[in-house]
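Listed below, chain by chain, are the residues.
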Amino acid sequence: MGAALKIVVIAGLVVFFIGPAIAVAVYRFVPPPVTILMIQRVFEGHGLDRRWVGLDDISPNLVRAVIAAEDARFCEHMGFDVEAIEKAMAANASGKRLRGGSTISQQTAKNVFLWPQRDWVRKGLETWFTGLIEIGWGKRRIMEVYLNTIEFGPGVYGAEAAARKNFGVPASQLTPTQAARLAAILPKPLGWRAAKPGPYVQRRAGAINRNARVVRNEGLTACVLK
């Protein structure tokens, strides 16, 4: 193997394997910095409001709500919900409205390490990072990072900023109804509002609130809540 080829191989290993592993190890203990999406939104004129808080300072109501809304099998899978992916593929293949099959772990990997636009390169890297954070972080840390980086509105990121912006309370004091409203707007955070929801978001939040009670009764947050 020539010297130039060796350099290319080593650089590839660093970029695709060693670098991500180091980043995941660091962010196991250190709050991740601003994300690519946050920077993109700043240039779009949305500003940036993000206030990191620990998972113990976020209401369990919000944990239950996002699990109910986004990933009911969060505590069961190892990053990928095969059943949800198969359902999404079947729906998309049949010409129905496009569905996503991403878990909270996949969304966290994308939000923290990658760019928002969909392409095959990103999906491949997302798979790699998802595996790394499942192994290196565990469920509680994944949920903590997710709830501190997810977009809740124009320029609003994380549970603390969202709770104060929409309801004037810290994230630790979110009620079940408020938490359900925040979870309800996650698919369209730039268009939907938690503080003053329209009829569709109100119905969606009501369904999430009911499902969150099921999540609580069936212990589906056991891997996150103490």
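Residues numbered from 1 in each chain as written. Predicted model: local features only at pLDDT ≥ 70, side-chain atom pairs only at ≥ 80, totals over all residues. Heavy atoms only, no water.

Trainee: How would you explain the nonpolar core if you had to name every residue and give the values?
Mentor: With 54 residues, the main nonpolar core has Leu-62, Val-66, Phe-113, Met-143 and Leu-147 as its most contacted residues. Looking at this core, the element that brings in the most residues is helix α3 (residues 60-70), giving six residues. (Core = buried A, V, L, I, M, F, W, Y, C linked by side-chain atoms within 4.5 Å. Buried < 20%, exposed > 50% of the residue type's maximum accessible area, 1.4 Å probe, protein only. Helix = DSSP H or I, 4+ residues; strand = E, 2+ residues; numbered from the N terminus.)

Trainee: Account for the pattern of salt bridges, naming residues and giving values.
Mentor: Summed over all chains, the structure comprises 11 salt bridges. A salt bridge links Arg-41 to Glu-151; the nearest nitrogen and oxygen atoms lie 2.7 Å apart. In this pair, Arg-41 sits in helix α2 (residues 36-43) while Glu-151 sits in strand β2 (residues 151-153), placing the two residues 110 residues apart along the sequence. One salt bridge connects Lys-139 with Glu-134, and the closest N-O pair in it is separated by 2.9 Å. Each member of the pair, Lys-139 as well as Glu-134, is classed as buried. In the salt-bridge network here, residues are joined through shared partners; they are Arg-41, Glu-44 and Glu-151. (Salt bridge = Lys/Arg side-chain N within 4 Å of Asp/Glu carboxyl O.)

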